[in-house]
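Take a look at the letters that make up each chain.
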Amino acid sequence: MKFRSQLSGLLLVVAAALALSACDKKDKKVDEPAELTDIASPTVRIDKVWGASVGGGGKKMRLGLGIAVTGDRLYAAGMDGEIAAFDLKNGHQLWRTKTKLELTGGTGANENLVVVGSADGQVLALSAADGSERWRSSVRGEILSAPAVAAKEVVVRTVDGKLRALAAVDGAEMWTTEQQIPRLTLRGAATPVVAGDLAISGFDNGRVLAVNVADGSTVWDSPVSPAHGRTELDRLNDIDAAVKVLGEDVFVVGYQGRAAMLALDSGQVWWAKDVSSYRGVDVDDSQMYISTSQGTLTAFTRRTGQQVWENPVLKNRSLSAPAVAGEYVVVADLDGYVHYFDRATGELAGRAKTSGDRVTNPPLAVGDVVYVITDKGEIVAFRGTPVTSQAAKSEAPAAPAPAPAPASGG
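Note that residues are indexed from 1 along each chain, following the sequence as it is written. With the structure being a predicted model, the display of local features is reserved for residues of pLDDT at least 70 and the display and counting of side-chain atom pairs for 80 or more, all residues being used for whole-chain, interface and lining totals. Excluded from the side-chain calculation are hydrogens and water; included are all heavy atoms of the structure.

Turning our attention to the overall build of the protein. Counting its regular elements, the protein contains 2 helices and 33 strands. Burial status follows relative accessibility: with a 1.4 Å probe on protein chains alone, a residue under 20% of its type maximum counts as buried, one over 50% as exposed, and anything between as partly exposed. Across the 410 residues of the protein, 55% fall into the buried class. The criterion used for residue contact is that any of the two residues' heavy atoms lie within 4.5 Å. If you take every contact in the protein between residues at least 6 apart in sequence, the share linking residues at least 24 apart comes to 49%. For accessible areas, the Shrake-Rupley method is used with a probe of radius 1.4 Å. Any residue's cover is judged against the shown protein chains and nothing else. When the accessible surface of the protein is split by element, carbon and sulfur atoms take 50% of a total near 17,300 Å². Only runs of H or I of at least four residues qualify as helices and only runs of E of at least two qualify as strands under DSSP, and these elements are numbered from the N terminus.

Right, let's talk about the side chain of Asp-160 for a bit. Among the structural elements, Asp-160 can be located in the loop between β12 (153-157) and β13 (162-167). Nitrogen and oxygen atoms within 3.5 Å of one another constitute a polar contact, given that in protein one can donate a hydrogen and the other can accept it, and given that sequence-neighbouring residues count only through two side-chain atoms. A polar side-chain atom of Asp-160 sits 2.5 Å from a polar atom in the side chain of Thr-158. Of note is the side chain of Asp-160, whose polar atom sits 3.4 Å from the backbone nitrogen of Lys-162.

For the rest of this paragraph, the subject is the sheet that holds strand β5 (residues 82-87). Only strands joined by at least two bridges in the DSSP assignment are considered to pair. Spatial strand order, β3-β4-β5-β6: 4 strands in an open sheet with antiparallel pairing. Edge positions in the open sheet fall to β3 (67-70) and β6 (93-98), since each of these has one partner strand only. Each strand axis lies, on average, 15° off the axis of its neighbour in the sheet, ignoring direction. Fitting a line to C-alpha atoms yields each axis, with helices limited to the stretch in contact; the angle taken between N-to-C directions then spans 0 to 180 degrees.

Right, let's talk about the pattern of salt bridges for a bit. Any Lys or Arg side-chain nitrogen located within 4 Å of an Asp or Glu carboxyl oxygen qualifies as a salt bridge. Taken as a whole and judged by the stated rule, the model has 17 salt bridges. In this structure, Lys-162 engages Glu-178 in a salt bridge whose closest nitrogen and oxygen atoms are separated by 3.7 Å. Of the two residues, Lys-162 sits in strand β13 while Glu-178 sits in strand β14 (residues 173-178), which places them 16 residues apart along the sequence. Arg-164 serves as the salt-bridge partner of Glu-173, at 3.6 Å between the closest nitrogen and oxygen. Residue classification places Glu-173 among the partly exposed residues on the basis of a relative accessible area of 41%. Within the structure, one salt-bridge network assembled from shared partners comprises Arg-140, Arg-164 and Glu-173.

Right, let's get into the side chain of Arg-302. Mapped onto the elements, Arg-302 comes out in the loop between β25 (297-301) and β26 (307-311). Residue classification places Arg-302 among the buried residues on the basis of a relative accessible area of 10%. Of the polar contacts made by the side chain of Arg-302, one reaches the backbone oxygen of Asp-285; its length is 3.4 Å. With near-sequence residues (within four places) excluded, Arg-302 lies in contact with Leu-246, Asp-249, Phe-251, Met-261, Trp-271, Val-283, Asp-284, Asp-285, Ser-286, Gln-287 and Met-288.

Before going further, it helps to spend a moment on the nonpolar core. With 20 residues, the main nonpolar core has Tyr-75, Ile-83, Trp-95, Leu-103 and Val-114 as its most contacted residues. If you list the elements that add at least two residues to this core, you get β4 (73-77), β5, β7 (103-109), β8 (113-118) and β9 (122-127). Discounting residues that sit within four places of it in the chain, Tyr-75 has contacts with Gly-66, Ile-67, Ala-68, Thr-70, Ala-84, Ala-85, Trp-95, Thr-107, Ala-109, Val-114 and Ala-128. We define a nonpolar core as any set of buried Ala, Val, Leu, Ile, Met, Phe, Trp, Tyr and Cys residues linked to one another through side-chain atoms lying within 4.5 Å.

Turning our attention to the packing of aromatic side chains. Stacked, tilted and edge-to-face are the three classes applied to pairs of Phe, Tyr and Trp rings, where Trp contributes its six-membered ring and a pair requires centres within 6.5 Å; stacked means planes under 30 degrees apart, edge-to-face means over 60, and tilted covers the rest. Throughout the structure, instances matching the rule amount to 6 aromatic pairs. Here the aromatic rings of Tyr-75 and Trp-95 are separated by 6.2 Å at their centres, their planes lie at 40°, and the arrangement is tilted. In this pair, Tyr-75 is assigned in strand β4 and Trp-95 in strand β6, connecting sequence segments 20 residues apart. Note on accessibility: Tyr-75 and Trp-95 belong to one class, buried. A centroid spacing of 5.8 Å and a plane angle of 55° characterise the contact between Tyr-255 and Tyr-278, whose relative ring orientation is tilted. Separated by 23 residues along the polypeptide, Tyr-255 in the loop between β20 (249-253) and β21 (257-263) and Tyr-278 in the loop between β22 (269-275) and β23 (281-283) bring together distant segments of the chain. We note that Tyr-255, like Tyr-278, is buried.

The next point concerns the pairing of strand β30 (residues 348-353). For a regular strand, side chains alternate in direction, first toward one face of the sheet and then toward the other. Relative to β30, strand β29 (residues 337-342) runs antiparallel, the two being bridged by 5 bridges. Looking across to β30, one finds that His-339 is bridged to Arg-351. The antiparallel pairing of β29 with β30 creates a hairpin that spans 5 residues between the two strands, and Gly-346 there sits at a positive phi of about 80°.

It is worth spelling out the environment of His-339 at this point. In this structure, His-339 sits in strand β29. Taking the relative accessible area as the measure of exposure, His-339 reaches 0% and is therefore buried. When the C-alpha positions of His-339 and Leu-319 are compared, they lie 9.8 Å apart, and in sequence the two are 20 residues distant. The residues contacting His-339, other than those within four sequence positions of it, are Leu-36, Leu-314, Val-329, Val-330, Val-331, Asp-333, Leu-348, Gly-350 and Arg-351. Within the structure, the side chain of His-339 is placed 2.9 Å from the side chain of Asp-333, a separation counted as a polar contact.

With antiparallel pairing, 4 strands are arranged side by side in an open sheet as β27-β28-β29-β30. Every other strand in the sheet has two partners, leaving β27 (323-325) and β30 as the edge strands with one partner each. Sheet twist, expressed as the average angle between the axes of neighbouring strands with direction ignored, equals 30°.

Written out as structure tokens, the structure reads:
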């Protein structure tokens, strides 16, 4: 059984690599990233609040190493094994722990624990207070997304289609459930979300599963993005991003599939639209925002799914998931640029830049501050302030277009 599991995991990785390679070859021929142009009159002033790093340079394989915020702290992890806590307001480092793990999934946190996962299926839990190790456990599967940390459970999704809960107190396995996944999938795994007494996750078969977080029993199992097409590439329909839960509604999007709103209690699909994305969504009181796989940013009404606006100015720039921050929706791209769009109109309002490395994982907004982590582990906090007068516009920092750069694959 162990050999079969390892072989299955290897086949998934090989299949994903072949799929991405095929996409990359096609992209390089006909789908060059859109060139950035000057923003003549920015309507948002973007200031860098602070910067830090957790390292992790080297190969980039769509790792799920995002950031987490709990209270007044931000937690982050790098591929090289470093995990750190920072003061949310000023970036002051509170603690840093060096592990010997090749980290690939994180960061999950609550007020007590910070939890990450590794390429070889190790789940490591640290004290949120000082970074000391609490426990580690093996789940026998590669982890490419952040664990969800609840009061009594840590929920982990592995690339082999399994969803597991570990006891928050000691890492002992509490339950396991799984979905059948296709032979060919994108490289990635959705981050599970805990909402009340439910653990919710999307899977590579286009389904969203909700289970009781205490015992793993299925509450609902909804097909959101059914596969279609003749070839295995055409039938890719992964849900690789976390669902977004707001009130009694669940919002989700899949690759070559659909965006949908589901009922939290039953999984009933209230509406669905044909949209392709492997990055994910964000939602405010009235709209749902999606970074599509083609690199357009699109807004839909929350209640009906009607398209409000679409902006293709960043086409093929491999956008991150969007993040709602004040009056803006923010995305980052393959060259480390961070773009602010007006939520109401979809117009590009301003632009800032990290060190220039790709941003794969979602930005995280807390109030009017957006926190971004690049694939090399650089963390930057930006504050966007609306430009409300002609005088203020003249003082806004320039947003020049970068020099043309060679296309990046992936």
